[in-house]
Amino acid sequence: MNFHAPALWRLLFHVLSPRPADDAAALPAPEAQARLVKSALRSQGYPRPALVQLPEDGSQGSRELLLALSWLLARGPLLERLLAQIRVRLGDEMPVCECEVLASPGPPAPRVEADGCVDIRHLQWLMGKLRFGWRNLITSQQEHCALLGKVHSYTRGCHSDRSLGHLSVTEAELLRDPEGGRQLLRRLESENARLEAALEWRRRELVFWQWMDTVLDACPPEASQPTFLPRIPERGAGELELVARELQALQEELQAVVETRRAAWEARVGGWGPGWKATQRASEEAVRQELTALQRAWERGGGLAQPHGPHRLVRSEAGTLGGPGLRATEVIKALRSQEACLEAALRQLQGQCRQELARLVGALPGFIWILPPGC
Amino acid sequence: MLPAGCSRRLLAELRDALDACAERQRQLERSLRVSRRLLRVWEPAETPALEPTPGPDTNEEARPPARTPSPQDLKELELLTQALEKAVRVRKGLSKAGGRDEAPSRKSRSIVSPATTASVPPRASGQAGRRASETKPPRGVRQTTVPAKGLPELRLLSVGDQTCKARGAQAAKPEPGLRDQQMAPSAAPQAPEAFTLKQKGILLRLPMAFRKAASQNSRLWAQLSSTETGDSMDATTTAKTQFLRKMQSGWPSSRLCAAEVEAEVGRLRKACSLLRQRMGEELTADPVDWMQEYHCLLTLEGLQAIAGQCLHRLQELRAAVMEHQLAPWPEGRLPSAPSSCGGGADSIWSPQLLLYSSTQELQTLASLRLRVAMLDEQIHLEKVLMAELLPLVSTQEPLGPPWLALCRAVHSLLCEGDLKAARVTLKLF
C-alpha cells in the first residue's frame, strides 16, 4: 500500500512546479522534492496537517498524498492547466500582456553570494547594463517582427484553414525540415492522445470522487494539533511592506489635499441655502458610482478588460479583417494607455526622490544642490 | 561603500532583472535564428540517395512516415510520367517555350524543362512537381517521388540541381504574381533557381497527415474548453465540492493561505497605483463651475476613504501573516501558476487569434508590450532603490566627499532614469 509514496511525491512535485527547463539535472533530490511539495501545498492552503508530518523518504503516506492530489484536482482545472502549459504551439504566438512572464521566473542562476559590501558605482554600472539590455531586446524584437511579417505574407493563401490564411514559422519550418516536421507531427499526435484521455477522464470522473470519499472516510481522525515550523520572512513579506508604505503615503497626501479643499469649500458655501441640497446629493451619487467602477478594476475577478494570454498571430491585410480574433489596434490602444500610466507613475516617483534628496542636502548648511541639465 | 545587507538586497534585485532580460534575449535569439534560416535559400533536405528528385520539391512537403501510395496516386503519377515523357518528345520538335497561361496543362510546363540549360531546369523541374501538387492539394508528397525510371532527363537535370544550388544565389527578379510561373528561359537569369520563401512560398502546402492531426487537435481543445452542463457534470461538481468540504472540516484553518495573501497584496498594489492615478487626474483638472469643483472634492474624499480601506485590509493581511506564519518556508518556493492571467470564468485553453494588418503594426505592438514590461520593472526597481538608498543619505553622518559622492550617485540612480531610453526608431529590416 505504501509502495506508491515515492511515485506520488514525484507526481505532486511535477504538478506543482511549472515545467522545468529541459535539463533533467535541475531536478532536486527526492527528499528535497518532498519538502518543496509540502511547502507549496501549505502555501496554497492545504487543510490537512497530516501531510506536514509525513516522512520525506517516501516510506509511508501514500494515502495522504493521494488525498493531496485529489485536493488539487478538485480545486481547479488542474488537468487543463497542465495540458495547456505543455501544449504544442503551431502558430507564432505573442502574449498581449506581461502577466505570464512576470509570474514564472526562469531557473535561478547559480549565484556567487558575495556577502561583502558593494560600491554604489557598481550598482550604477549594473543599472546601465540593464538599460542596454532592454534596448537590445527591443531591437531584436523589431527584427523578429519584421521577419515574421515576411514569412506570413510570403505564404499567404497556403493554409488549409481559411481563418488563418498563411503559414506560421513553425509550419513553414516543418516543410523546410522534414525530420523536424516528423517530430512535430509525433508530438501533435501524442498531445491528441493526451487530450482524448483527458476527455475520457472527464466522462468518468464521478467514480473517482466517490472513491476518494471512501478514502477520506477511512482516514483515522486527526488528534494532534499541527506543528508549524518557524518561518523566515521571504520576499513575499517585503512586498506587503512596500505596498503598505505606498498606501500610507497616498493616504497622507490625500488627507492633506482634502482637508484644505474641504475647508475652502465650506467657507464658500456656508451661506448657501438648502436649495442646492438636491444637486449635492446628485453629485454624491455620481461620484459614488464612478468610484465603485474604479474599485472594480482591481477587485477579485473583476475588470478583466485587458486581453490576456498568448495569441496566435494572423496577418490579415486591411479589408479582410472579418473573422474572430483580437485586433492589433485594440491591443495597441490598451498598451498605450498602460504605458502612459506607468510613465506617469515613474515620473512621479522620480520627482519624489528629487524632492527628498534636495531636502536632505538642503538641510545642511553650506551646500547648494545643483541639478544636472535636463532634470 | 554600502552596508552589507543593503548591498546584498540591491545586488539580488539588479541581478534578477539582468537574468530575466538575458533569458528573454536568449529566447528571442532562438526565434530569430529559425526565422532567418527560413527566409534564406532552403538547403536541399538531407534525404537518402534514393529520392529521385531532391531539391525544391522535397523541401516543400514533409514526407510523412512511410506509407504506401494509394492506387489512385500511383495512377496519377503514371499519367504525370507519361505526360512528361511526351513533353520531352514534343519539345524536341519545338523551339518556343510554352505560353503564359495558367492552364494546368502539364505539358506546357514541362516543355520548358528539358529544353533549357542546366542552370534553369531546377526551377522548371521543381515547377512540374509543384504544379502537380498544386492541382491536387489533398495529396501529400507522393508527387515528389516521381519514379526516376521513366525520366532520365529529369534525373540528370536534378543532378544539375545540386551543383547549381551550391552557389545559392537568388534569382535576380522576383516574378510578378507568383502564380504566373511561366517565364521564357531566356528571361531567366543564369543564376540557379533555388527555393526561397519569398518567391515560392505561396506554393507551399502542408502535408495531409499534419493537417489531420492539427484539425483534430483544435477540435479536441474546443471540446475540452467547452463547459458542458449535463447531469453527469453537475454530479461531478457536487462530488468535488463535497470532497473539498470534508477535507477542510475540523480544522480551524485561516481562510487565508500564502498564495491568497500574495494575490491580495498584488491587487492592493494595483489599487494603490489606480488610486494615485485618479488623484493625479483630479488634482490637475480645472473645474469651470462650482459643480465640477464639488465633484472633484467629493472624488478626492472618496479616494481617501478607499485608500484607508485598502490600508486597513493590508494591515489585516499583515497580522494574518504574522499570526499564522503564512509566509513560505525557507526551502524555497515553487512558483505557482498565475491566477490572474490565463482567463477568467470562461478560460479558453487554446490560443486565440491576434489579427494584425502590417509589419509596422506588429512591431508597434511588440515594442509597446516590451516597453510596458520595462516600465513595470523600472518602477519596481525605483521603489526598491528608494527604500534602501534614501535612508542611507539621511543617516550617514560624515559629510565629506564620500557622502557627496553618495548623493550624486543616488541622484543619478533614482532621478535620472531616462524614460526615453528604450524608444527605438523602427528600422526597416
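Residues numbered from 1 in each chain as written. Chains lettered and ligands numbered in written order. Predicted model: local features only at pLDDT ≥ 70, side-chain atom pairs only at ≥ 80, totals over all residues. Heavy atoms only, no water.

**Things to note about the overall build of chain B**
Working step 1: Scanning chain B from terminus to terminus reveals 13 helices and 1 strand.
Working step 2: Counting from the amino terminus, helix and strand elements in chain B follow one another as α-α-α-α-α-α-α-α-α-α-α-β-α-α.
Working step 3: Relative to its 429 residues, chain B shows a buried fraction of 49%.
Working step 4: For chain B, long-range pairs separated by at least 24 residues make up 75% of all intrachain contacts whose partners lie at least 6 apart in sequence.
Working step 5: For chain B, the exposed surface amounts to about 20600 Å²; the carbon and sulfur share of it is 56%. (Helix = DSSP H or I, 4+ residues; strand = E, 2+ residues; numbered from the N terminus. Buried < 20%, exposed > 50% of the residue type's maximum accessible area, 1.4 Å probe, protein only. Contact = heavy atoms within 4.5 Å. Areas by Shrake-Rupley, 256 points an atom, 1.4 Å probe, with all protein chains shown as cover.)

**Let's talk about the overall build of chain A**
Working step 1: Per the secondary structure count, chain A includes 11 helices and 3 strands.
Working step 2: In sequence order, chain A lays out its α and β elements as α-α-α-α-β-α-α-α-α-α-α-β-β-α.
Working step 3: When contacts within chain A are restricted to residue pairs at least 6 apart in sequence, those whose partners lie at least 24 apart make up 67%.
Working step 4: Total accessible area on chain A is roughly 19700 Å²; 57% of this is exposed by carbon and sulfur atoms.

**Structural notes on the pairing of strand β1 (residues 352-356) of chain B**
Working step 1: A large share of β1(B) lies buried, amounting to 4 of its 5 residues.
Working step 2: For strand β2 (residues 310-315) of chain A and β1(B), the ladder comprises 5 bridges, and the chain directions are parallel. By the bridge assignment for β1(B), Val314(A) is matched with Leu355(B).
Working step 3: The pairing of strand β3 (residues 326-327) of chain A with β1(B) spans 2 bridges and is parallel. Looking at β1(B), one finds that Arg327(A) is bridged to Leu355(B). (Pairing = 2+ DSSP bridges.)

**With respect to the packing of helix α11 (residues 328-362) of chain A against helix α13 (residues 401-415) of chain B**
Working step 1: For the pair α11(A) and α13(B), the least separation of the axes is 9 Å and the interaxial angle reads 165 degrees. By the angle between their axes, α11(A) is roughly antiparallel relative to α13(B). Relative to α13(B), α11(A) is oriented so that their crossing is left-handed. Taken together, the residues of α13(B) that come into contact with α11(A) (itself represented by Gln350(A), Cys353(A), Arg354(A), Leu357(A) and Val361(A)) are Trp403(B), Cys407(B), Val410(B), His411(B), Leu414(B) and Cys415(B).
Working step 2: Across the contact of α11(A) with α13(B), the residue classes break down as 8 nonpolar, 2 polar and 1 charged. (Axes fitted to C-alpha atoms, helices over the stretch in contact; angles between N-to-C directions. Parallel < 35°, antiparallel > 145°, perpendicular 65-115°, else oblique. Left-handed = near helix turned anticlockwise from the far one by under 90°. Nonpolar A, V, L, I, M, F, W, Y, C, P; charged D, E, K, R; others polar.)

**Examining the confidence of the model for chain A**
Residue and element names in this part refer to chain A.
Working step 1: Looking at chain A as a whole, the pLDDT averages 82, with 81% of positions reaching at least 70.
Working step 2: Across chain A, the secondary-structure element scoring lowest on mean pLDDT is helix α5 (residues 99-103), at 53, and the one scoring highest is helix α6 (residues 120-154), at 94.
Working step 3: For residues 102-107, every residue scores under 50 in pLDDT, and the model assigns this stretch 5 contacts once sequence neighbours within four places are set aside.
Working step 4: Counting interchain partners and residues more than four positions distant, the pLDDT-below-50 stretch residues 229-233 has 8 contacts. (pLDDT = per-residue confidence, 0-100.)

**A few points about the interface of chain A and chain B**
A common way to state how big an interface is: give the accessible area lost once the parts meet.
Working step 1: At the junction of the two partners, chain A supplies 213 residues and chain B supplies 195 residues.
Working step 2: Taken together, both faces of the contact between chain A and chain B bury some 20200 Å²; the carbon and sulfur share is 70%.
Working step 3: Our count for the chain A to chain B interface comes out at 13 salt bridges.
Working step 4: One salt bridge connects Arg36(B) with Glu143(A), and the closest N-O pair in it is separated by 2.9 Å.
Working step 5: Here chain A is connected to chain B by 41 residue pairs in polar contact (both at pLDDT 80 or more).
Working step 6: A total of 30 residues in the side of chain A that touches chain B trace back to one element, the largest contributor, which is α6(A).
Working step 7: For the side of chain A that touches chain B, the class distribution of residues is 111 nonpolar, 44 polar and 58 charged. (Buried area = accessible area lost by both parts, 1.4 Å probe. Salt bridge = Lys/Arg side-chain N within 4 Å of Asp/Glu carboxyl O. Polar contact = N/O pair within 3.5 Å; in protein donor to acceptor, adjacent residues only side chain to side chain.)

**Overview of the nonpolar core**
Working step 1: Ranked by internal contacts, the top residues of the largest apolar core, which has 90 residues, are Ile120(A), Phe210(B), Leu389(B) and Val410(B).
Working step 2: For this core, the element with the most residues is helix α12 (residues 359-395) of chain B, which contributes 18 residues.
Working step 3: Excluding anything up to four places from it in sequence, Leu389(B) contacts Ile120(A), Leu2(B), Leu10(B), Val410(B) and Leu413(B).
Working step 4: Counting residues in each nonpolar core, the second largest holds 36 residues, with Ala244(A), Leu254(A), Val261(B) and Leu275(B) among its members. (Core = buried A, V, L, I, M, F, W, Y, C linked by side-chain atoms within 4.5 Å.)

**Describing the environment of Leu247(A)**
Working step 1: For Leu247(A), the position within the fold is in helix α9 (residues 235-269).
Working step 2: Setting aside residues no more than four positions away along its own chain, Leu247(A) makes contact with Cys272(B), Ala307(B), Cys310(B), Leu311(B) and Leu314(B).

**Looking at the pattern of salt bridges**
Working step 1: Enumeration over the complete set of coordinates arrives at 35 salt bridges over all chains.
Working step 2: In this structure, Glu93(A) engages Arg87(A) in a salt bridge whose closest nitrogen and oxygen atoms are separated by 3.1 Å.
Working step 3: On the basis of relative accessibility, which here comes to 22%, the residue Glu93(A) falls in the partly exposed class.
Working step 4: Close ionic contact of Arg318(B) with Glu241(A) constitutes a salt bridge, the shortest N to O distance being 3.0 Å.

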